[in-house]
Amino acid sequence: MRLPPVLIAAVLAATTGSLLLAPSSATADRKPPVREGSAPADGAARAPASAARNALAAPVTDLSAGTGGYPREQVLAPDPENPADKSIKLGLTPYHAIAPKLNELQGLGDRVSVEVAGRSAGGHRLFLVTVTAPETARQTRAQERMRELIENAPQAAAKDTAIKASYKTPVFFNNNIHGNEWEGTDAALKLIQQLATAHDAKTAGLLAHNRLYFNITANPDGRIAGTRTNANGFDLNRDFITASQPEVRAMRQIAIDKQPAVMLDLHGYVNGTLIEPTTPPHGENYEYDLFLKNTYANALGMEAAVNGLGYTPAKDGVEPVQIPFRDQQEGWDDWPPIFTPQYAAFHGTVAAHTVEIPMTVNNSAYDTLPVAELRRRSAINVDVAGAAMRATLDFAQSHRTSLIADQIEVFRRGATGAAQVPVSAETVPGVPGIGPEDVYTTDFPRAYVIPAGAGQRSATAAGRLVDHLLANDVRVTRATGGFRLAGRSYAKGSYVVDLRQPKRGLANVMLADGRDISGKVSTMYDISGWSLGRLWGATVERVESGSLSAVPLRAVDAAAHVGYVAPRGDLRLQLDTPQEIAALNSLLQQGVSVRQDSDGSALVPSSARAKAVALARAYDVAFDATKASQGTALHRVRVAAAVTAGELFALREMNFDVVPVSTAILDAGFDWSTVDVLFVSSGLDHSALTPAARTALDAFLATHGLVGRGATGAALGVAAGLLAVKPVEGNGDANGVVRVVNSGTVTVGAPDHSFVYAPVWFTDLGPGVRVEQSYATGNPLVSGHWRPLDDGTGGPTAAAGQAAVVSGPHAVLFGTEPLFRDHPKGEFPQVGRALLTVSRS
């Protein structure tokens, strides 16, 4: 379930078991929302290090059709029976029963195929089921050729009679992405069985003209544990633009390789059943006229099917369906590309929905309601999810020609640079209530250039960005010689992202600055600003116009390696990227004597050249020659961390040895001699500690360093007397990309943009406090949503020019979010440098 900030007050005021979602009646889990990714006041982000390693190392499975036909049956090995699986109490299918069930379904005939799409962070298999009429290998190859033609040659595809006659419409059902929103999985298994065994003409026609894909459980870790998140503590439905987690990379590959025209993402719990399309603001980078037309039409069909089940408020506690675009004003938007349906739109999905089934069975309800009541609710939810799925199949079958034509048109507009079509009553007939508040378009540039040479902050960062673009099916080229474009000169080896490509929307949503939409709506559902071009540490230049025909370019399928080790002498490693911090930590863990130069870089002795060669290859980093020999000795840092799940993951990505802590853990007794530094952003309240725990913490901080982030970290820094500053909290709903000015050793080499979420700044700086980074003057917000509070305080102009990051002899405090959800890669080294600095102070 998604719950917007505007509803917090309503949640707090709701009666047991229900929540009023104005303007229509809707019940949902009444538990007040917790800040995304945060730990409870006395809890800790405690994902095992093995889950982080699994996530970072998990390969992406190729799900393209290959040369074989359908079905593709395989016998799945069973998983060990787990009586603690949280699904069991609800009368639903536990994870360990899924593989045997899929074996059974494959045995029912020749319509069901199963692939393993990958593994979760916790090591569980991700099952992708395909249901379609049998295909010979030749027929499958023909389907693949048509699919590729639709994306790669959309103008030709629009005229291809074979596509109109025989291309199977891909329909995708994504289930259980939030682990404690279970029932989509069970509805999918039930539907697959019906499709496998039905012999009526309608089913035969459906499977002859469509391929149906079912991600059975997108989050098996959470399904088993009864948690929203995976084993790393990540909300997978916030990770699509970053793709830090293996489950998301698997779903990304399904979107790329299967190219669904229609998809549902099954969630819970909003009563009545909530079916997108959404309220404004709408993602400005996709072809919203095509998306709205199809998504609204399918929503009406699902509404009729769900309401037609006959459940009533009086008899069953089930309210009628609501469609946010029609029934609400704001607060349930499709602006960010982090949600599954919004991300799918960039891969050609022209009808994509979050569907929130009605009856709450998770969180407090799971623990307090009788089993019989939970199972009654779950049965209703399975029924509702199944009705939505079946209605979607009817829609796909009856609209298959227009759906594929619209998917082709999405790709044609991108490939030809055609203008977007603003939504209106004329351009999207049949959809009521379209107004100026629904119109969101953007001006696509001609291209983006990621320059090589002196203008590039870090070739390592550029390579990471290019590889990420390619992994998302964005086309990237590289210059084979120097060139000029739009009046600027670029060196050989520069990367060029031509926006005349089928998936221009995805390229632009990643690389553009974005938009400040603070004045458009009063509240946003989730984050409102993101920009890989600003936050990942690579220089990205926007080229508004010009011809690329004379530019010597060749397509690339991977970034060029930049890893390098100078052949002789001592070595210098810059610390401007997460990979460089990770390489440094590996050297320190191997016992190499590394020193830090005055410019912040790491000095590595020539005796460690062999180790440097291995790390240059592993992390694609450069060790240059240096004659510098002085510097401050560095040592391996073990971090005690009271942080969010995303921050814990990012620390481990940088190869820090991390021990999660919290108020409860410290109260239980913690051996401070095992760690070197404390990092606090969430889950540790100094005033709530027992006297003994507070004394032990204060004793540690008297001789060791603190890195704090946000209001929680700043409060500890002040309470412990480590920095004489006054933390000021901005609007807690604010988030986005901000301009900053770097001025200290912790932020040396950092990008001139950062990310904020509930921003903090520091005033009344006392003696010994150094400003490491400030919010830019004027309005520092580049993209996102940051309004002042009702009393006029807390807005971006109040933060302008104020200190965003401060340091002292034993502490560094961040008012920004440099590790947010593992996303702003270019900001990570600030935290790495801070931990290294205060651990030796």
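In case you missed it, the structure is sitting above this.
Calculation rules
Residues numbered from 1 in each chain as written. Predicted model: local features only at pLDDT ≥ 70, side-chain atom pairs only at ≥ 80, totals over all residues. Heavy atoms only, no water. Helix = DSSP H or I, 4+ residues; strand = E, 2+ residues; numbered from the N terminus. Rg over C-alpha atoms; globule rule 2.2 N^0.38 Å. Buried < 20%, exposed > 50% of the residue type's maximum accessible area, 1.4 Å probe, protein only. Contact = heavy atoms within 4.5 Å. Areas by Shrake-Rupley, 256 points an atom, 1.4 Å probe, with all protein chains shown as cover. Lys, Arg positive; Asp, Glu negative; His and termini not counted. Charge placed at Lys NZ, Arg CZ, Asp CG, Glu CD. Phe/Tyr/Trp six-rings, centres within 6.5 Å; stacked < 30°, edge-to-face > 60°. Lys NZ or Arg CZ within 6 Å of the ring centre and 35° of its normal. Pairing = 2+ DSSP bridges. Axes fitted to C-alpha atoms, helices over the stretch in contact; angles between N-to-C directions. Right-handed = clockwise from strand over helix to strand, strands pointing away. Core = buried A, V, L, I, M, F, W, Y, C linked by side-chain atoms within 4.5 Å. Expected span 1.5 Å × (residues − 1).

Focus: the overall build of the protein chain
Then, in step 1: Assigned secondary structure in the protein chain consists of 28 helices and 36 strands.
Then, in step 2: Against the compact-globule benchmark of 28 Å for 841 residues, the protein chain has a radius of gyration of 27 Å, which places it among compact chains.
Then, in step 3: Its C-alpha atoms give the protein chain principal-axis dimensions of about 80 × 65 × 55 Å.
Then, in step 4: Considering the protein chain as a whole, with its 841 residues, one finds that 61% of them fall into the buried category.
Then, in step 5: Taking as baseline every contact in the protein chain between residues at least 6 positions apart, the subset at least 24 positions apart corresponds to 79%.
Then, in step 6: For the protein chain, the accessible surface area stands at approximately 28,600 Å², while carbon and sulfur atoms represent 53% of it.
Then, in step 7: For the protein chain, the centre of its 75 positive side-chain charges and the centre of its 82 negative side-chain charges are spaced 6 Å apart.

A closer look at the packing of aromatic side chains
Then, in step 1: Within this structure, the stated rule accounts for 20 aromatic pairs.
Then, in step 2: On the basis of an interplanar angle of 65° and a centroid distance of 5.7 Å, the ring pair of tryptophan 335 and tyrosine 440 is categorised as edge-to-face. Taken as a pair, tryptophan 335 in the loop between strand 10 (333–334) and helix 14 (340–345) and tyrosine 440 in the loop between helix 17 (400–416) and strand 12 (447–450) lie far apart in primary sequence, 105 residues in all.
Then, in step 3: A centroid spacing of 6.4 Å and a plane angle of 40° characterise the contact between tryptophan 761 and tryptophan 786, whose relative ring orientation is tilted. One end of the pair, tryptophan 761, is in strand 32 (residues 760–763); the other, tryptophan 786, is in the loop between strand 34 (781–785) and helix 27 (796–799), and 25 residues separate them in sequence.
Then, in step 4: In this structure tryptophan 761 comes out as buried when scored by relative accessible area, which is 4%.
Then, in step 5: Ring-pair connections join several aromatic residues into one group, and the members of that group are Tyr286, Tyr288, Phe291 and Phe346.
Then, in step 6: A cation over an aromatic ring shows up here: lysine 825 above the ring of tryptophan 536, its NZ or CZ 6.0 Å from the ring centre.

Description of the sheet that holds strand 16 (residues 495–498)
Then, in step 1: With antiparallel pairing, the five strands of this open sheet are ordered in space as 17-12-16-13-18. Looking along the sheet, the strands with just one partner apiece sit at the ends: strand 17 (541–543) and strand 18 (553–555). Ignoring which end each strand starts from, the neighbouring axes of this sheet average 30° apart.
Then, in step 2: Bridging between strand 12 and strand 17 involves three bridges; their strand directions are antiparallel. Each residue of the ladder has a partner; that of alanine 447, found in strand 17, is valine 543.
Then, in step 3: Helix 18 (residues 459–471) rests against strand 12 and strand 16 of the sheet, and its axis sits at about 145° to strand 12.

Description of the pairing of strand 25 (residues 638–642)
Consecutive side chains of a regular strand alternate in pointing toward one face of the sheet and then the other.
Then, in step 1: For strand 25, the tally of buried residues reaches four of five residues, placing the bulk of the element in the interior.
Then, in step 2: Across four bridges, strand 25 lies against strand 26 (residues 657–660) in parallel orientation. Considered in strand 26, the bridge of alanine 640 is made with valine 659.
Then, in step 3: Between strand 25 and its parallel partner strand 26, the chain crosses via helix 23 (residues 645–653), and the hand of that crossover is right-handed.

Examining unusual backbone geometry
Then, in step 1: In this chain, tyrosine 70 is followed by proline 71 through a cis amide linkage whose omega measures 10°.
Then, in step 2: Mapping proline 71 onto the fold places it in the loop between helix 2 (49–57) and helix 3 (98–106).
Then, in step 3: Cis geometry is adopted by the peptide bond preceding proline 281, which originates at proline 280 and carries an omega value of -5°.
Then, in step 4: Relative to the assigned elements, proline 281 resides in strand 9 (residues 279–282).
Then, in step 5: Its identity is not glycine, yet alanine 243 carries a phi of approximately 55°, on the positive side.

A short note on the sheet that holds strand 4 (residues 169–175)
Then, in step 1: As summarised here, the arrangement of the seven strands in space is 2-3-5-4-6-11-8, forming an open sheet in which the pairing is mixed. What marks the edges here is a single partner per strand, and that holds for strand 2 (112–119) and strand 8 (274–275).
Then, in step 2: As paired strands, strand 2 and strand 3 (residues 125–131) are joined by seven bridges and run antiparallel to one another. Within strand 3, the position partnered with arginine 119 by the bridge is arginine 125.
Then, in step 3: Packing of helix 11 (residues 288–307) onto the sheet brings it into contact with strand 6 (262–268), strand 8 and strand 11 (351–357), and relative to strand 11 it is tilted by some 35°.

Focus on the nonpolar core
Then, in step 1: One finds Leu102 and Phe214 to be the most contacted residues of the largest nonpolar core, which totals 153 residues.
Then, in step 2: Top element by residues in this core is helix 16 (residues 371–398). It accounts for twelve residues.
Then, in step 3: With residues near it in sequence (within four places) discarded, phenylalanine 214 still touches Phe127, Leu128, Val129, Val131, Phe173, Ala188, Leu191, Ile192 and Leu195.
Then, in step 4: Membership of the second largest hydrophobic core comes to 58 residues, among which are Leu575, Leu584, Leu651 and Trp786.

Here's the deal with helix 25 (residues 691–703)
Counting along an α-helix, one turn takes 3.6 residues, and residues three or four places apart therefore face a common direction.
Then, in step 1: For helix 25, with 13 residues, the first-to-last C-alpha span of 19 Å sits near the 18 Å given by 1.5 Å per residue.
Then, in step 2: On its buried side, helix 25 packs onto helix 24 (663–667), strand 27 (677–680), strand 28 (705–709) and helix 26 (710–719).

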